[in-house]
Structure formats: structure tokens, C-alpha cells
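Observations on chain architecture
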Amino acid sequence: MAQEKNNKPEHSAEVDQEKKDAMILFLSDSEEKEHFLSKANRKLLTDPLDDDNPITVQVLGICSALAITVQLEPAIVMAIAVMAVMAFSNMIISALRNMIPNRIRIIVQLVVVASLVALVDQVLRAYAYDVSKQLSVFIGLIITNCIVMGRLEAFALGNGVYKSFLDGIGNAAGYGLILIIVAFFRELLGAGKLFGYEVLGHKGATLAESTGLYAFGYENNGLMLLSPMALIVVGIIIWVQRARNRKLIEA
């Protein structure tokens, strides 16, 4: 009996260590009790798409909204690239959060993000070279994107791997949604095209040679191709969002 009592503390310590290891690798005790698609987990995916959007509410990542939304294709590729980087960097930092000294946490985050960005850049060069050339340095600038670093600092360092993964996917999806909306209107109204294909008709040298809307005298709005128009479109999205949800209006 005495030997069994002596073994209990040792057994308990082993169980605690196993739980700690499991928490580092995947879920904490509280997360294990929570369903994978619980309401709280769904909010991590859905809130950034609307009421907590990183661009229109948190006002982060505005620079890329200016730079790569002239056409729809590079905007979509950029959104996918950011999603891949955010999802995996959140997972890695969350898995290592109990091992990273507080003094060097920013350096560790930058190293992780830079490694993932380099990997994404090489994949794009291999499989989507033309789009990679269009995006140019903006893929590399994902490293300094305040959305990526902000979620690592604010969420991944304090939550489990699964929740951090969902947070990365959700915020990247919210970011990508705005990029795609802005790029859609800029390419459609500025060039009359989507994905490079003419959708409003063909503009000929004369009205007789033109088709679609161009046959009625429609002209492309060249202003939509200028960078300031991206901010104006984002501003209109913010206005519509706040008109629909008054809670977002600051006092």
C-alpha cells in the first residue's frame, strides 16, 4: 500500500508532463473539452470577415490594398499567399510559445514569417511565374505586414495551436476578401475586364466596331487604375459596413 502511495505522485507527474507536451503540440486542456467547430471557434473564422475585419475595422494592411489590386488575379494570389503564411506562422509560434524567451519573441516571429514567405515566393516562381513577377516585391513585404505580426503577438503567443490556426485563416480570409472586392471593381470599371478577359464587350476604333456596353458609348474609367482609387473603394466599403452595423461607429 505504501509503495502504491509513493508511486502516485510519480505517476501524476508523468501524466502532467504528457498533458503539457500535448498542449505544446496541439491543444490545451480547456481546448480538448471544446468542440472543434464550437461557436467560439467559428467566431475566429467569421468575425474577421465582417465585424473585426483587419482592413476595414482594424485598419491594417492598407499598403497592399493600394498596390496589388489593379487586377483580380494577383489580388487572389496575394490573398492565398498571406493565408498560407498566417496559418502556418500562427501554428508554429503557438506550438513554440512556451519555449520562446520573451526578450527575443519578435526576432523568432520574424524568422518564422520570413522562412514561410521565402517558401511561398519559391512556390509562386515555380508554378505561377507571371503572377510572381506582377506581385514583385510585395510577396517579400508580407514579412512586415502588420496583420501577420499583429496576430502572432496578440493571439498565437497566448492560445493553442488549433485556435491559432483558425485565427490565422480567419484574418487572412478577411484581408483577402477586401483585396478581392477592391480588385474586382478596379479591374472591371478601369479596364472592362476580369482575369484579363473582356466582360463588358470589345472596344473598337469606332462605335460600329465596338460590342457590349462600348457600342453604346461606354468608356473605361482610367481613374480606377490609379492607386488613390483603391483607398476610395476601401472607404466606400467601410462606409457601407458601418451604415449596416452601427456598433462599429466610434463615439
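Definitions and cut-offs
Residues numbered from 1 in each chain as written. Predicted model: local features only at pLDDT ≥ 70, side-chain atom pairs only at ≥ 80, totals over all residues. Heavy atoms only, no water. Axes fitted to C-alpha atoms, helices over the stretch in contact; angles between N-to-C directions. Helix = DSSP H or I, 4+ residues; strand = E, 2+ residues; numbered from the N terminus. Parallel < 35°, antiparallel > 145°, perpendicular 65-115°, else oblique. Left-handed = near helix turned anticlockwise from the far one by under 90°. Nonpolar A, V, L, I, M, F, W, Y, C, P; charged D, E, K, R; others polar. Contact = heavy atoms within 4.5 Å. UniProt positions renumbered as here; feature names shortened; annotations may be inferred. Buried < 20%, exposed > 50% of the residue type's maximum accessible area, 1.4 Å probe, protein only. Expected span 1.5 Å × (residues − 1).

A few points about the packing of helix α5 (residues 72–95) against helix α9 (residues 161–191)
For the pair α5 and α9, interaxial distance at closest approach is 8 Å and the crossing angle is 165°. On the basis of their axis angle, the class for α5 and α9 is roughly antiparallel. In this structure, the crossing between α5 and α9 has a hand that is right-handed. By residue class, the composition of the contact of α5 with α9 is 21 nonpolar, 6 polar and 2 charged.

A short note on the packing of α5 against helix α6 (residues 105–127)
One can describe the packing of α5 onto α6 by two numbers: an axis separation of 9 Å at closest approach and a directional angle of 145°. Regarding α5 and α6, the two cross each other, and that crossing is right-handed. Between α5, through V77, A81, A84, V85, F88, S89, I92 and I93, and α6, the contact on the second element is made entirely by V108, Q109, V112, V113, L116, V117, V120 and L124. Grouping the constituent residues of the contact of α5 with α6 by class yields 14 nonpolar, 2 polar and no charged.

Considering the UniProt feature "transmembrane region" (unreviewed entry) in the chain
Feature annotation in UniProt assigns "transmembrane region" (unreviewed entry) to the following positions: residues 75–94, 106–128, 134–152, 164–185 and 222–240. Secondary structure content for residues 134–152 is 47% helix and 0% strand, while the C-alpha to C-alpha distance between its ends is 28 Å. With 74% helix and 0% strand, the stretch residues 222–240 has end C-alpha atoms that lie 24 Å from each other.

Regarding the environment of L213
You can see L213 is positioned in the loop between β2 (197–198) and α10 (227–244). For L213, a relative accessible area of 41% translates into the label partly exposed. Expressed as a C-alpha distance, the spacing of L213 and H202, which sit 11 residues apart in the sequence, is 8.4 Å.

Focus on the side chain of D167
Take D167: it is sitting in helix α9. Leaving out residues up to four positions away in the same chain, D167 has contacts with L44, N90, R151 and F155.

What to know about α6
Owing to its 3.6 residues per turn, the α-helix aligns residues three or four sequence positions apart on the same side. With 23 residues, α6 ought to run about 33 Å at 1.5 Å a step, and its terminal C-alpha atoms sit 33 Å apart, in line with that. Each element contacted by the buried residues of α6 is listed here: α5, α7 (129–135) and α8 (146–154).

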